[in-house]
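Okay, here's what each chain looks like letter by letter:
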Amino acid sequence: MITTRGLTKRFGRVLAVDSVDLDVHEGDRYGFLGPNGSGKTTTVRMLLGLVYPTGGEIEVLGKRVPKHVGDALPELGALVEGPAAYPHLSGRRNLSLFDAAARGARRTRRARIEEALERVGLAKVDQRPTRAYSLGMRQRLGLAAALLNRPRLLVLDEPTNGLDPQGIKEIRELLVELNREGTTVFLSSHLLVEVEQLCTRVGIVDRGKLVLQDDLGALRAATGRVLLDTPDPGSAVALLDGRVEQRDGDRLVIRHDDVMALNEQLVAARVRVRELAAQRRTLEDVVLEVTGPGSDSFGEVR
Amino acid sequence: MIGVELRKLVLRPRTWVSMLLLCLLPAIVAVFLATADFAPPPGQGGAFLSAVIGDGTLYPAAALALVLPLFLPIAVAVAAGDAVAGDAATGTLRYLLIRPVGRTRLLTAKLVSVAVYVTLAIVVVVLTSLAIGVVLFGTGSAPGAAGGTPAAAVSLSGVQLSSSSLVLRLLGAVLYVVLSMVGFAAITLFLSTVTESAIGAALGGLAVLITSTVLETLDAAAPVKPFLPTHYWLSWLDFFRDPVLWRNIDHGLLLQAGYILVFFGAAWANFATKDVKN
């Protein structure tokens, strides 16, 4: 759905995006993750033909960008760096104008607007102008605009900005549902939790470079350690001497590959088990391992 | 896209407020003239004003002369300056472009929308001032000659004009003023693609206007005068001479066409190759 080769963008002397090779497959929920100022938004803008690359190639929905971006955009919906609407007009009127600008079919316009508003939870919104909208409502309206043309590909830049926890959950469920119906979702975010909860594939960008791109499942591999919570930590340590890497009260970190075998061993030695689980890497571990400090920090934190 | 821009124009309160203000100036002047009950000497307070007292149907031309030097260009500068920069500032520009709206199509729609706005504004000014003129000054029967032939306006050359000829001349003048304003709008539209600040672009356009007006009064600037954007602006008055004095009108039309071509071209060249980062 999205392929880039050696995508590069230079603003004067600043290298904002440095030779990025993205590969987003059909049906992915792709998380484009990176600290602030790492080049995420510039990359998204290049995918949409808003910013012209300095070097490299882009293909979106099989069309060359920016040359043939006009052929790709009708099948694509996007939210770039916050929503935007004409402040003195109502939400519906805004959507109607945007749809007319895209030469959307007038016959189905009203139905598509209502459908989009319903999906994002604005079905009952009144005629108030969008300048009176809350940040969350604006975000939802922006999403509705992206859904107007029933896109095959959604490109969303920080879509849950300004939403409360309930709203974030609703949007996540909406995106999963759209994805199940066949929409590929490309989500750029600096929020680990958002990506971890939603995405199936992850690309991590740092200081303009794509430092990692893989399935989330593969990234969150077992670490070869098992976490044990037991009321008998003393006997557990005695039993597993040498394999215990860490002890924090009743909680132990044990170097072991096989949870079932370990459980058997503990039970046989009459060590009571309150909790036993294989340790997995969190996305945070992965990100911290591959990225440096964000480009919005200058100097170390003391 | 032109339809969308026109809908935006109509739905925008600013459009109607600015037109109201444009109509207000001639209305205020007319009220003062009517209550003072003596004609200003020729040459004071704008063209036609002395003639208007005798014939209200001439008032639209007087109103044009009142709003043209400053009021109308300010309204045009605000509208054209906002055209691209305004959408850039609210962020709607990027959403229009990814709908998708081609950049050339968008820019053309913007210029057309400004042209429609100018035309509408002038037509509204003409119609309201016609109504005001007729109500306050009557329709041209010479004072004291009750029952004299009505609607026989006097041209700037002192010849009587029939009312059908007056309508044609007024139409010509309106079209000429519209084109002059669109030429000015093209300059401001170009500035609007350069900056993200609508007010900056509008002020830039007005700076061009003021510079041009100042140079116009400067003898040392004689070589460039025929090319100044405001040089032939007042030539619409020539429609009210008898016979119509076409020389300056022709030059004016050619010059404005040149400004539109050059600055719309520059706006296109800049906008089509620009990174949209806001």
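Note that the coordinates shown come from a computational prediction; the quantities given were computed from them, not determined experimentally. (Residues numbered from 1 in each chain as written. Chains lettered and ligands numbered in written order. Predicted model: local features only at pLDDT ≥ 70, side-chain atom pairs only at ≥ 80, totals over all residues.)

Caption draft 1: Fine view of the packing of helix α4 (residues 59-67) of chain B against helix α7 (residues 103-137) of chain B. Residues and elements named next belong to chain B. Look at α4 against α7: their axes get within 8 Å of each other, and the N-to-C directions meet at 125 degrees. In terms of axis orientation, α4 runs oblique to α7. The chirality of how α4 crosses α7 is right-handed. Contacts between α4 and α7 involve Tyr59, Pro60, Ala63, Leu64 and Val67 from the former and Val125, Val126, Ser129, Leu130, Ile132, Gly133 and Phe137 from the latter. Within the contact of α4 with α7, the residues separate by chemical class into 10 nonpolar, 2 polar and no charged. (Axes fitted to C-alpha atoms, helices over the stretch in contact; angles between N-to-C directions. Helix = DSSP H or I, 4+ residues; strand = E, 2+ residues; numbered from the N terminus. Parallel < 35°, antiparallel > 145°, perpendicular 65-115°, else oblique. Left-handed = near helix turned anticlockwise from the far one by under 90°. Contact = placed C-beta atoms within 7 Å. Nonpolar A, V, L, I, M, F, W, Y, C, P; charged D, E, K, R; others polar.)

Caption draft 2: Seen up close, helix α1 (residues 40-47) of chain A. Residues and elements named next belong to chain A. Counting buried positions along α1 gives 8 out of 8 residues, so the element sits mostly inside the fold. Regarding α1, the residues found buried are Lys40, Thr41, Thr42, Thr43, Val44, Arg45, Met46 and Leu47. Looking at the residues trailing α1, positive phi occurs at glycine 49, about 80 degrees. (Buried ≥ 20, exposed ≤ 12 C-beta atoms within 10 Å, placed from the backbone.)

Caption draft 3: Layout of the confidence of the model for chain B. Residues and elements named next belong to chain B. When pLDDT is averaged across chain B, the result is 87; 90% of the residues are at 70 or more. This stretch, residues 142-152, has a pLDDT under 50; its non-local contacts, to residues over four places away or in other chains, come to 13 contacts. Reported confidences for the modelled complex are a pTM of 0.86 and an ipTM of 0.85. (pLDDT = per-residue confidence, 0-100.)

Caption draft 4: The arrangement of the sheet that holds strand β13 (residues 244-248) of chain A in detail. All names here are of chain A. Strand order across the open sheet formed by 4 strands is β13-β14-β12-β15, with antiparallel pairing between neighbours. With partners counted over all chains shown, the strands left at the sheet margins are β13 and β15 (275-280), one partner each. Averaged over all adjacent pairs, the angle separating strand axes in this sheet is 20 degrees, with direction ignored. (Pairing = 2+ DSSP bridges.)

Caption draft 5: Focus on the sheet that holds strand β7 (residues 76-79) of chain A. Residue and element names in this part refer to chain A. The sheet built from 6 strands is open, its strands ordered β7-β8-β9-β4-β10-β11 with mixed pairing. Each edge of the open sheet carries a strand with a single partner, namely β7 and β11 (209-215). Strand after strand, the sheet turns through a mean of 15 degrees between neighbouring axes, direction not considered. As paired elements, strand β4 (residues 29-33) and strand β9 (residues 184-189) share 5 bridges and run parallel to each other. Bridged to leucine 33 within β9 is serine 189. Against the sheet, α1 engages β4, β8 (153-157), β9 and β10 (201-206), with an angle of about 150 degrees to β8. Contacts between helix α5 (residues 135-147) and the sheet are confined to β7 and β8, with β7 contributing the most and set at about 165 degrees to the helix.

Caption draft 6: Inspection of the pairing of strand β5 (residues 55-60) of chain A at higher detail. All names here are of chain A. Here strand β1 (residues 2-11) pairs with β5 via 5 bridges, running antiparallel. Residue pairing in the sheet places threonine 8 in a bridge with glycine 55 of β5. Where β5 meets strand β6 (residues 63-65), 3 bridges bridge the pair, whose relative direction is antiparallel. Opposite valine 60, over in β6, you have lysine 63 as the bridge partner. Hairpin connection of β5 to β6: 2 residues between the antiparallel strands, including leucine 61 at a positive phi of 50 degrees.

Caption draft 7: Just the environment of Leu130(B), in detail. All names here are of chain B. Along the chain, leucine 130 turns up in helix α7. Sequence separation of leucine 130 and alanine 61 is 69 residues, and the distance between their C-alpha atoms is 8.9 Å. Those residues in contact with leucine 130 that sit more than four places away from it in its chain are Thr57, Tyr59 and Pro60.

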